[in-house]
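Each chain, letter by letter, is given below.
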Amino acid sequence: MSVEIKGPDVGGLSETNQADRLEAAILVLSDDYLSLLDANSRALDMLGYSRDELQALVPDELIDASPSYPSLSSYLSETPKGKIDHSWASVKDEVTLRHANGQAIFCRVLTGRLDVGGCVQQIITLIPISHDQKLLKVGALLRLAVEHMPDAMIIYDTDDRLMYFNKAYRQIFSYMPPLEEMMGKHYLDVIRHTMEVPGVITDPLSTSDPEAYLEKRLQRLHNPPDGPFEQKTGVGWHMVSEMRIPGVGFVNLRRDITVEKQFRDEMSQANEQLATVAKAMEQSHADALRAQISAEQANRSKSEFLAMMSHELRTPLNAIIGFSSMMTEKIFGAIGNERYEEYPTLIHESGQHLLAIINDILDLAKVESGKMELDSEQINVVEIIQESARLMKGLAVTRGVSIDIDIKDDDATIYADSRMMKQMIVNLLSNACKYTPEGGDIVLFFEKDRNNRKIIGVRDTGIGMNKADLSLALIPFQQVGDVSTNTDHGTGLGLPLVRSFIELHGGTLEIESEPDKGTCACLCFPAGS
């Protein structure tokens, strides 16, 4: 096979004779491209090897992978590990070969397969490309790339005359005539053409003093700013980069950032609004904190006031109770009129009731103000439980319920304030009596749990409570229950006082209750108390 080729000057290679110029360089490789079987004389001369030297090489060694000679139209495959595979099987259209002396040879490639007696061979035909042709091709590819790149480009030569602008430039400045009409025009003529289009140039100097504006632009052409800058034009916002390259000229690159800048401005406004909201929330939090502190101070002041008023409130009530007691006992003889026989008793009962209410309020106020002090001592559990049950026996009989005592440890003691403990047990028993229907059972018990806590509890078969009612019952001045079973008026301080007293002792009030099944309220003293 022979074809006519135009023999290029490959620089440094020996000139081939006219016969060689008419013969294409041919390599014969094995079907798997791993062995070089033969080559014609043109291939030997072009590559600078003898036949034996060439056949001793691995075919891939002929391919020049040096980055100094990139082949723009050859696409080499990637191996799984990411390394370039230089196999002849991957060569497309063009290839850069390495001469025996290390020089690069640019070639166009034609491939084919030949079956000789059942033995398949790969026929590689190489047609040299001159260096100038290669550069022309590279230049054409670069120009094509510049023409279709998204950024606008305009180039002026060293004499400030227009050499080139790309398609993107015409898209931004659509008023600009075609390149063929503008090529060679002076920079100032291009600026004057732009000044004639309304609304493109936003610099007021262009209308107030056109010549000064032209001089300003010319100065920027010869001394462009360092680094990119944003520029507002009549056709939008642009990111501009300007460069003056010695011996080449001036290059202006610009990208339309109108949408991007609008997004940035909106984000900036949103961030400012968010910062304003955050500042307002911070101020609101500070105001709320100050209000909370003020409310806590007011609450403490209230509690401290009630605690200090204890003596002033109790003294007159004690006098009322004392005088009514003297009238009831008729220490100085009969009152006289029988209509008044009932009044001393009523006065006495009312005073006792009022004193109990105020005592509860004052006790709660003392606890809240931190002025309630414990007078702790070792208390015999059996004795205080039996005494408390005796105090509530009258109410239990009135209600038609029974109080049973269940003590697991007859020798148990608790280190506590006896008055508070008695008040806690009595309050729990009083609630059980009030809210247990006639014929019901109440058990007052003592035991230790698995954590060795000492527990005094009251279990009843009363009306019980749901979770909402139970939460309400622990709030001061709130009452829960069926009024049909509760004919006494109370303050709603019973359970809140019990919880405050047991917490002063380091313990807890634990209540389990279920509607129509009853309630179990326990005073849980810590182990070691």
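## Details of the packing of aromatic side chains
Alright, step 1. Taken as a whole and assessed by the stated rule, the structure comprises 5 aromatic pairs.
Alright, step 2. On the numbers, 5.0 Å between centres and 80° between planes, the contact of Tyr156 with Tyr187 is edge-to-face. Taken together, the residues Tyr156 in strand β6 (residues 152-156) and Tyr187 in helix α7 (residues 187-195) connect sequence positions 31 residues apart. Residues Tyr156 and Tyr187 agree in their burial class; the two are buried.
Alright, step 3. An angle of 45° between the planes, with centres 6.4 Å apart, marks the rings of Tyr156 and Phe250 as tilted. Separated by 94 residues along the polypeptide, Tyr156 in strand β6 and Phe250 in strand β10 (residues 249-256) bring together distant segments of the chain.
Alright, step 4. Of note, Lys261 hangs over the ring of Trp237, and the distance from its end group to the ring centre comes to 4.4 Å.

## Notes on the state of the cysteines
Note: disulfide means a covalent bond formed between the sulfur atoms of two cysteine side chains.
Alright, step 1. Evaluated as defined, the whole model comprises 0 disulfides.
Alright, step 2. Cys522 carries a free sulfur, and the closest cysteine sulfur to it, the one in Cys520, is 3.7 Å from it.
Alright, step 3. The buried category is assigned to Cys522, whose relative accessible area is 13%.

## Observations regarding the nonpolar core
Alright, step 1. Met421, Ile456, Leu523 and Phe525 are the most contacted members of the largest nonpolar core, which has 45 residues in total.
Alright, step 2. The element best represented in this core is helix α15 (residues 418-434), accounting for 9 residues.
Alright, step 3. For Met421, the residues in contact, after removing those within four places along its chain, are Ile379, Ile384, Ile414, Ala416, Ile456 and Phe525.
Alright, step 4. Phe165, Phe173, Ile191 and Leu221 belong to the second largest nonpolar core, which has 27 residues in total.

About the thresholds
- Residues numbered from 1 in each chain as written.
- Predicted model: local features only at pLDDT ≥ 70, side-chain atom pairs only at ≥ 80, totals over all residues.
- Heavy atoms only, no water.
- Phe/Tyr/Trp six-rings, centres within 6.5 Å; stacked < 30°, edge-to-face > 60°.
- Helix = DSSP H or I, 4+ residues; strand = E, 2+ residues; numbered from the N terminus.
- Buried < 20%, exposed > 50% of the residue type's maximum accessible area, 1.4 Å probe, protein only.
- Lys NZ or Arg CZ within 6 Å of the ring centre and 35° of its normal.
- Disulfide = S-S within 2.5 Å.
- Core = buried A, V, L, I, M, F, W, Y, C linked by side-chain atoms within 4.5 Å.
- Contact = heavy atoms within 4.5 Å.

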